[in-house]
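Chain and residue survey
These are the residues of each chain, in order.
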Amino acid sequence: QVQLVESGGGLVQPGGSLRLSCAASGMFFSSHAMGWYRQAPGKERELVARITSGGTTNYADSVKGRFTISRDNAKNTAYLQMNSLKPEDTAIYYCNADRPTPWGRNEYWGQGTQVTVSS
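What comes next is a walk through the structure.

So, how was this worked out
Residues numbered from 1 in each chain as written. Predicted model: local features only at pLDDT ≥ 70, side-chain atom pairs only at ≥ 80, totals over all residues. Heavy atoms only, no water. Salt bridge = Lys/Arg side-chain N within 4 Å of Asp/Glu carboxyl O. Buried < 20%, exposed > 50% of the residue type's maximum accessible area, 1.4 Å probe, protein only. Helix = DSSP H or I, 4+ residues; strand = E, 2+ residues; numbered from the N terminus. Pairing = 2+ DSSP bridges. Polar contact = N/O pair within 3.5 Å; in protein donor to acceptor, adjacent residues only side chain to side chain. Contact = heavy atoms within 4.5 Å.

1. A short note on the pattern of salt bridges
Considering all chains together, one arrives at six salt bridges under this definition. Here Lys64 ties to Asp61 by a salt bridge, and the two come within 3.1 Å at their closest N and O atoms. The exposure classification of Lys64 matches that of Asp61, with both residues exposed. Between Arg66 and Asp89 there is a salt bridge; the shortest N-O distance is 2.7 Å. Of the two residues, Arg66 sits in the loop between strand E6 (57-59) and strand E7 (67-72) while Asp89 sits in the loop between strand E8 (77-82) and strand E9 (91-101), which places them 23 residues apart along the sequence. Judged by relative accessible area, Arg66 falls into the buried class, the value being 10%. Owing to a relative accessible area of 1%, Asp89 belongs among the buried residues under this scheme. Each of Arg38, Glu46, Arg66 and Asp89 takes part in one network of salt bridges that share partners.

Next up, the structure:
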């Protein structure tokens, strides 16, 4: 079965850094786009960053210049490097994988990892 397992979340001071990891199994990793989403209490889930199978990236305006998404296909792992963290970055961060197919889109989600930015 497909599994996405996030790790690397935690408590960090404003201005600090964290790197999230998403380890994928049970799928053809390199054929999937990988994304990071986040959801703060009382807010809608939002796209933070996404990287296609070809390496094209896009970011939410709120994180541009601070966050970097990357992937290591040999390790079946996607990463989100988060620098200059702000309290408003506090949320549960979810890993996503998706791939369009002739029979519909395959999409998978991890269980989430908590990121808290606070002094």
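2. Some words on the pairing of strand E4 (residues 33-39)
Taking burial as the measure, the seven residues of E4 include six buried ones, the bulk of the element. Bridge count between E4 and E9: seven bridges; the pairing is antiparallel. Bridge pairing links Met34 to Ala97 in E9. Relative to strand E5 (residues 46-51), E4 runs antiparallel, the two sharing five bridges. Note that in E5 the partner of Tyr37 across the bridge is Leu47. What sits between E4 and E5 in their antiparallel hairpin is a turn of six residues, with Gly42 showing a positive phi close to 75°.

3. Here we look at the side chain of Asp98
Mapped onto the fold, Asp98 is located in strand E9. On the basis of relative accessible area, Asp98 is assigned to the buried category, the value being 5%. Side-chain polar atoms of Asp98 contact the side chain of Arg50, separated by 3.2 Å. Here Arg105 takes part through its side chain, which lies 2.4 Å from a polar atom of the side chain of Asp98.

4. Quick word on the side chain of Thr113
Along the chain, Thr113 falls in strand E11 (residues 113-117). For Thr113, a relative accessible area of 12% corresponds to the buried category. Beyond its immediate sequence surroundings of up to four residues, Thr113 is in contact with Glu6, Ser7, Gly8, Gly9, Leu20, Ala91, Ile92 and Tyr93.

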